Amino acid sequence: KNRLPATLDIRTSADKTLEKKVQFYPNPTGGRVNVAGLARGTRVQVFNQKGAIVKDMKSTTSPEIINLNNQPPGVCLFVLSLNDKLVGRHKIVLK
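In this report, we go over the structure that sits alongside the text. (Residues numbered from 1 in each chain as written. Predicted model: local features only at pLDDT ≥ 70, side-chain atom pairs only at ≥ 80, totals over all residues. Heavy atoms only, no water.)

1. Here's the deal with the overall build of the protein chain
Turning to step 1, where the next piece is worked out: If you tally the helices and strands in the protein chain, you get one helix and seven strands.
Turning to step 2, where the next piece is worked out: In the protein chain, the succession of α and β elements from N to C terminus is α-β-β-β-β-β-β-β.
Turning to step 3, where the next piece is worked out: Taken across its 95 residues, the protein chain has 35% of its residues classed as buried.
Turning to step 4, where the next piece is worked out: For the protein chain, contacts bridging at least 24 residues in sequence account for 51% of all contacts bridging at least 6.
Turning to step 5, where the next piece is worked out: Looking at the protein chain as shown, the accessible area adds up to about 6,600 Å², and 50% of this sits on carbon and sulfur atoms. (Helix = DSSP H or I, 4+ residues; strand = E, 2+ residues; numbered from the N terminus. Buried < 20%, exposed > 50% of the residue type's maximum accessible area, 1.4 Å probe, protein only. Contact = heavy atoms within 4.5 Å. Areas by Shrake-Rupley, 256 points an atom, 1.4 Å probe, with all protein chains shown as cover.)

2. Some points on the sheet that holds strand S2 (residues 32–36)
Turning to step 1, where the next piece is worked out: Read across the open sheet, the three strands follow the order S1-S2-S5; overall the sheet is antiparallel. On the outer flanks of this sheet lie strand S1 (23–25) and strand S5 (64–67), each paired with one strand and no other. Ignoring strand direction, the axes of neighbouring strands in this sheet form an average angle of 25°.
Turning to step 2, where the next piece is worked out: Note that S2 and S5 share four bridges and pair antiparallel. Residue Asn34 lies in a different strand from S5, and its bridge partner there is Ile65. (Pairing = 2+ DSSP bridges. Axes fitted to C-alpha atoms, helices over the stretch in contact; angles between N-to-C directions.)

3. Some details on the nonpolar core
Here is a general trend for soluble globular proteins: nonpolar side chains tend to be buried in one another's company.
Turning to step 1, where the next piece is worked out: Phe24, Val33, Val35, Val44, Leu68, Phe78 and Leu80 are the most contacted members of the largest nonpolar core, which has 15 residues in total.
Turning to step 2, where the next piece is worked out: Those elements that place two or more of their residues in this core are S2, strand S3 (43–47), strand S6 (74–82) and strand S7 (85–94).
Turning to step 3, where the next piece is worked out: Once you skip the residues sitting within four places of it in the chain, Val44 turns out to touch Leu38, Lys55, Asp56, Met57, Ile66, Phe78, Val79 and Leu80. (Core = buried A, V, L, I, M, F, W, Y, C linked by side-chain atoms within 4.5 Å.)

4. Thoughts on the packing of aromatic side chains
Turning to step 1, where the next piece is worked out: With the rule as written, the count across this model stands at one aromatic pair.
Turning to step 2, where the next piece is worked out: Between Phe24 and Phe78, the ring centres sit 5.2 Å apart and the planes meet at 75°, which makes this aromatic pair edge-to-face. Placement of the pair is Phe24 in strand S1 and Phe78 in strand S6, with a sequence separation of 54 residues.
Turning to step 3, where the next piece is worked out: You can call Phe24 buried: its relative accessible area is 16%.
Turning to step 4, where the next piece is worked out: With a relative accessible area of 0%, Phe78 lands in the buried category. (Phe/Tyr/Trp six-rings, centres within 6.5 Å; stacked < 30°, edge-to-face > 60°.)

Right, dumping it as structure tokens:
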């Protein structure tokens, strides 16, 4: 029998050091969210309550201003990744 080596990469948690440096404000918000402390090139994905992606972008500045004015009130989940590594997950309440 021939056996092939396999590598399984399961990302279950964020890097807590990087996650603590990122700040989201205001929370709750009326639509605009400031995200400070992002490294340039960090991927920012925003999911609505139904799990649909409503924003998918890469950061270019800090703070990055994300406009969610077109979203209904509720909770959005921000997922941050850099170089295909999870950096953090944050919940933002939309008024």
